[in-house]
Amino acid sequence: MDGFRPNSYSGKLIIVEGIDGSGKSTQLSLLSQWLRSKRLVVSFSEWNSSSIVRGTTRQGKRKQMFTPTTFSLIHATDFADRLERHILPMLEAGAVVCADRYAFTAFARDVARGVRPQWVRNLYRMAIKPDLAFYFRVPLNVALDRILGGRAALKYYEAGMDLNLSSDIQESFALFQERILREYDSMAEEMGFHVIDATGTIKEQQRQVRKIVMNTIGDALEKDILRQPTSERRA
């Protein structure tokens, strides 16, 4: 992960990546619950959730104003705000930060939209290197079945309609996700992802994730991470 700043804080950063329908959010939620059950302080961060650009993003999407470059800049601004206001303070405090998508989402999606890879990566040089990065890999057809079977409607940018891949929104979505999947696969080894087979059962995937967490940062979880106060029973 060349270009990222090392994590010099006592807290730990765990991130998950994958295409839509990979099940990564479910796995991160289960992992967060498990860590909290150990009385560890756990904080959650989600992609595209900064209040500072929410209004601009909503308006731009509604009016279909974004180019691939402006879309990339909006997401980088969102990321920078969350990093400074939330992720870094929690790492400094000694918490485990669980992030549903990280800079790698931009590396995959923005490049799939045609933005130059090095330009995108330069935008995120302020990012902290994750202590653990999971990539939930799922075949495209499985992901599409999960998403298209459970969604009332796809959104314009979500489906990559701005790229003129197809006039059919479902076909455009499939083509766009295929591009993103290729980008994730191409950087998996370079970025040191722990690749999880996302076609396995939820229970089996979670077992693998917990094992990797304990083998990689288990000692730090025991010694360095901030713990929740023990509630005392009243007499």
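Just so it is clear, the structure is predicted and the values come from calculations on it, not from any experiment.

**A word on the overall build of the protein chain**
Helix and strand counts for the protein chain come out as 8 helices and 5 strands. Counting from the amino terminus, helix and strand elements in the protein chain follow one another as β-α-β-α-α-β-α-α-β-α-α-β-α. In terms of C-alpha radius of gyration, the protein chain reaches 18 Å, essentially the compact-globule figure of 18 Å for 235 residues. If you line up the protein chain on its principal axes, its C-alpha atoms span 65 × 40 × 35 Å. Burial analysis of the protein chain (235 residues in total) assigns 48% to the buried set. Across the protein chain, the fraction of contacts at a sequence separation of at least 24, relative to all contacts at a separation of at least 6, is 80%.

**As for the pairing of strand β4 (residues 132-137)**
With 5 of 6 residues buried, β4 is to be regarded as a mostly interior element. Looking at chain direction, β4 and strand β5 (residues 194-197) are connected through 4 bridges and run parallel. Residue pairing in the sheet places Phe-136 in a bridge with Ile-196 of β5.

**Some words on the sheet that holds strand β3 (residues 96-100)**
Strand order in the open sheet formed by 5 strands is β2-β3-β1-β4-β5, with parallel pairing between adjacent strands. In the strand order of this sheet, the two ends are held by β2 (42-46) and β5, each with one partner. Sheet twist, expressed as the average angle between the axes of neighbouring strands with direction ignored, equals 20 degrees.

**Regarding unusual backbone geometry**
The general pattern is negative phi for most residues beyond glycine and trans for most peptide bonds. Here Gln-64, not a glycine, exhibits a phi torsion of approximately 55 degrees, which is positive. Structurally, Gln-64 can be placed in the loop between α2 (51-62) and α3 (68-93). For Gln-64, a relative accessible area of 43% corresponds to the partly exposed category.

**What to know about helix α4 (residues 103-112)**
Burial runs high along α4: 9 of the 10 residues are buried. All buried positions along α4 are accounted for by Ala-103, Phe-104, Thr-105, Ala-106, Phe-107, Ala-108, Asp-110, Val-111 and Ala-112. On its buried face, α4 sits against β1 (12-17), α3, α5 (117-123), β4 and α7 (169-187). The first or second residue beyond α4 is Gly-114, which carries a positive phi of 100 degrees.

**A few points about the side chain of Asp-20**
Checked against the element boundaries, Asp-20 lands in the loop between β1 and α1 (24-37). By relative accessible area, Asp-20 is classed as buried at 14%. Reaching out from Asp-20, the side chain makes a polar contact with the side chain of Arg-101 at a distance of 3.0 Å. The residues touching Asp-20, leaving out its near neighbours within four places in the chain, are Arg-101, Arg-109, Ala-143, Ile-147, Glu-158, Phe-173 and Gln-177.

**Observations regarding empty space enclosed by the protein**
Following the criterion strictly, the structure yields 1 cavity of 30 Å³ or more and no others. Residue lining of the largest cavity: Trp-47, Phe-71, His-75, Ala-106, Arg-109, Asp-110 and Arg-113, and that is the complete set. Looking at the lining of the largest cavity, the elements with two or more residues in it are α3 and α4. By residue number, the principal contributor to the lining of the largest cavity is α4, which donates 3 residues.

Cut-offs used in this document
Residues numbered from 1 in each chain as written. Predicted model: local features only at pLDDT ≥ 70, side-chain atom pairs only at ≥ 80, totals over all residues. Heavy atoms only, no water. Helix = DSSP H or I, 4+ residues; strand = E, 2+ residues; numbered from the N terminus. Rg over C-alpha atoms; globule rule 2.2 N^0.38 Å. Buried < 20%, exposed > 50% of the residue type's maximum accessible area, 1.4 Å probe, protein only. Contact = heavy atoms within 4.5 Å. Pairing = 2+ DSSP bridges. Axes fitted to C-alpha atoms, helices over the stretch in contact; angles between N-to-C directions. Polar contact = N/O pair within 3.5 Å; in protein donor to acceptor, adjacent residues only side chain to side chain. 1 Å grid on protein atoms, 1.4 Å probe; cavity = no way out; pocket = protein on both sides within 12 Å on 5 of 7 lines; lining within 4 Å. Points joined across faces, edges and corners; volume = space filled by probe spheres on them.

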